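Listed here are the chains, written in short residue letters.
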Amino acid sequence: MVVSFLSFLIMSVSTRSGFLRQTPLSAFLFLILCICLTGFSALAQSSPSSGFHPGKPWPDQEGVHINAHGGGILYHSNTYYWFGEHKSERSSAALVGITCYASTDLVHWKNEGVVLSVSDDPQSDIVRGCVMERPKVVYNPSTGKFVLYFHLELKGQGYSAARVGIAVSDRVTGPYTYLRSLRPNANHWPLNMTEAQRTSAIVPGDFSRWWTDEWRQAVSDGLFVRRDHAGGQMSRDMTLYVDDDGKAYHIYASEENLTLHLAELTDDYLGYTGKWIRIDPGGHNEAPAIFKKEGKYFMITSGCTGWDPNAARLLSAPSIWGPWTRHPNPCTGPDADLTFRSQSTFILPVADRKDAFIFMADRWNPRKPIDATYVWLPIQFHQGLPILEWMDQWDLSFLVLRDF
Ligand code: GAL
């Protein structure tokens, strides 16, 4: 705008003063100047599309709003792959499957299509109309396989199945082969449950009402872990994390969404070792997203209010095995108590930039799920703890220029 105005001003002054008619060389230089200014102006006008616009529609390379909700990102062979839930106009159920988009700059995304399709077989766990949420993909260098985990709810059973689905592929963009679903860690006790808690005779049926102080204490002492010990632990909102030593972990909302579990995966990432812990027992966390900075682990989660946003939570630990400590809400400023009207899904370490992390969240739209938008914000640090601040618009230079 300013640049265009300047061009206009120069042109009128020059024309009126007869400057152009007097010297051909000046006229030529003037023309070059105008072309440069126009080019610069066009660049300045197009720059918004080069950054992130939290909460706004995000067109892919074909101009269609990205359909990859509750997603996560795998950086592989110099490319970011964003996996997410395909959402439809009217339904949040899985009518299509898990989608994938590819990008080298995190802003411009190419639709790679559906990498794990729902099935038409009514006997399949992933029959059309089931729930497939929060997919995450990791790469296993020793097997050369890409491994996809997602939250699975069986068709027609609401959210009661609480299972994890596992699929695998030789190619990052799939197609992925569905392997199985399960409830993790059947017959394995968590490392951080005492002998007294494991052997307690208190059962859920002892409580006629939930949410009393006694009930809360019993939950914290492993009421639901004992109930699900033989059949496997409930597994809903989830993420995957691969540590620097190549060990992978599945982190999921369990125990009726009252406690997060962190479970170590086998070396091929296709199953569980049986080593696991409970995190923030009875703390009612879901939507876990994790990252590591300078050897310290941080997790951002949400409370449990369905599609409605609530205040984010922050936990940290010196080791992945804990102890995990709760901190105040990492969000600051307007709408901080609603996580800027969004819910965490993943924290992305930006490739080749030390300590540069992007908080990824979903602004759900249950009335028209396909229109849900994405809230990506840079993670800033204050006194050693992550903080999140709303930005209408930002780009990756923000993470380079800031020295945390
Ligand atoms: C949220 C959860 C979403 C989805 C939704 C269904 O709490 O984070 O992934 O499961 O509930 O109501």
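Novice: Quick rundown of the side chain of serine 344? Include the residues and the values.
Specialist: Inspection of the secondary structure puts serine 344 in strand E18 (residues 343-349). Polar side-chain contacts of serine 344 include one of 2.7 Å to the backbone oxygen of alanine 287. When residues no more than four places from it in sequence are discounted, the contact partners of serine 344 are Arg134, Ala287, Ala289, Ile300, Thr301, Ser302, Phe359, Met360 and Ala361.

Novice: Go over the pattern of salt bridges with me, naming the residues and quoting the values.
Specialist: One pass over the structure, following the stated rule, counts 18 salt bridges. Measuring nitrogen to oxygen at the nearest pair gives 3.7 Å for the salt bridge that ties arginine 341 to aspartate 335. Between aspartate 371 and lysine 368 there is a salt bridge, with its nearest N and O atoms 3.3 Å apart. Under the relative-accessibility criterion, lysine 368 is labelled partly exposed at 32%. The structure contains a network of salt bridges with shared partners spanning Glu89, Lys368 and Asp371.

Novice: Give me the lowdown on the sheet that holds strand E11 (residues 259-265), citing residues and values where you can.
Specialist: Within a sheet, adjacent strands bond to each other through the backbone by hydrogen bonds, running parallel or antiparallel. The four strands are arranged E9-E10-E11-E12 in an open sheet whose pairing can be described as antiparallel. At either end of the open sheet lies a strand with only one pairing partner, and these are strand E9 (238-242) and strand E12 (272-279). Averaged over all pairs of adjacent strands, the angle between their axes in this sheet comes to 25°, without regard to strand direction. Inspection of the sheet shows E11 paired to E12 by five bridges, in the antiparallel sense. Residue leucine 262 lies in a different strand from E12, and its bridge partner there is isoleucine 277.

Novice: Can you break down the site of the ligand residue by residue, with the values?
Specialist: With respect to spatial proximity, the complete set of residues near the ligand consists of Glu133, Arg134, Tyr159, Asp237, Glu286, Gly306, Trp307 and Gln343. Glutamate 133 has a polar side-chain atom sitting 2.6 Å from an oxygen atom of the ligand. A distance of 2.9 Å separates an oxygen atom of the ligand from a polar atom in the side chain of arginine 134. Burial of the ligand by the protein amounts to 88% of the accessible area it has alone, namely 310 Å². Along the lines of polarity and charge, the residues of the shell around the ligand split into two nonpolar, two polar and four charged.

Conventions we followed
- Residues numbered from 1 in each chain as written.
- Predicted model: local features only at pLDDT ≥ 70, side-chain atom pairs only at ≥ 80, totals over all residues.
- Heavy atoms only, no water.
- Helix = DSSP H or I, 4+ residues; strand = E, 2+ residues; numbered from the N terminus.
- Polar contact = N/O pair within 3.5 Å; in protein donor to acceptor, adjacent residues only side chain to side chain.
- Contact = heavy atoms within 4.5 Å.
- Salt bridge = Lys/Arg side-chain N within 4 Å of Asp/Glu carboxyl O.
- Buried < 20%, exposed > 50% of the residue type's maximum accessible area, 1.4 Å probe, protein only.
- Pairing = 2+ DSSP bridges.
- Axes fitted to C-alpha atoms, helices over the stretch in contact; angles between N-to-C directions.
- Near = heavy atom within 4 Å.
- Areas by Shrake-Rupley, 256 points an atom, 1.4 Å probe, with all protein chains shown as cover.
- Nonpolar A, V, L, I, M, F, W, Y, C, P; charged D, E, K, R; others polar.

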